[in-house]
Amino acid sequence: MNSKRQPRHTATTRRLRVAGVAVVAVLGLSACNSDPGNRRVAEDIVDTAFVQGQITQEVRDCLFDKLETYSDSDYEAITRAATDPGPGTALDLFEADLAACSN
């Protein structure tokens, strides 16, 4: 057995936490109208999750790397997509991209 593998429940818990941070970041974006900027709001949410011990340094770094790849117009599209129905919206894709940091 590979000793570096996490127990199944620990890995699942970690994925759920990262997915939760992703959802909160998305909701934060949808509530923001660019006062501090959408990217900054998402970064603040990730930092808060890290400080509160909800995510590790590795996950924090991954999330910051992913947030950096989005442009201001991408963030605007994601914010607008918060009210779009159905799967596959910009919001869904953003959430899935951030949740990938748990792998």
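Structure first, text after, so check above.
Report on the accompanying structure. All values reported here derive from a predicted model rather than from experimental measurement.

Here is what the cut-offs are and how they apply
Residues numbered from 1 in each chain as written. Predicted model: local features only at pLDDT ≥ 70, side-chain atom pairs only at ≥ 80, totals over all residues. Heavy atoms only, no water. Salt bridge = Lys/Arg side-chain N within 4 Å of Asp/Glu carboxyl O. Helix = DSSP H or I, 4+ residues; strand = E, 2+ residues; numbered from the N terminus. Buried < 20%, exposed > 50% of the residue type's maximum accessible area, 1.4 Å probe, protein only.

1. Quick notes on the pattern of salt bridges
Here's step 1: A full pass over the atoms with the stated rule returns six salt bridges.
Here's step 2: Ionic pairing is found between Arg-40 and Asp-44, a salt bridge with its closest N-O pair at 3.1 Å. Linking Arg-40 with Asp-44, this pair stays in helix 2 (residues 38–51), spanning four residues, or about one helical turn.
Here's step 3: Residue classification places Asp-44 among the partly exposed residues on the basis of a relative accessible area of 32%.
Here's step 4: Note that Arg-60 and Asp-61 form a salt bridge whose closest N and O atoms lie 3.4 Å from each other.
Here's step 5: The structure contains a network of salt bridges with shared partners spanning Arg-40, Glu-43 and Asp-44.

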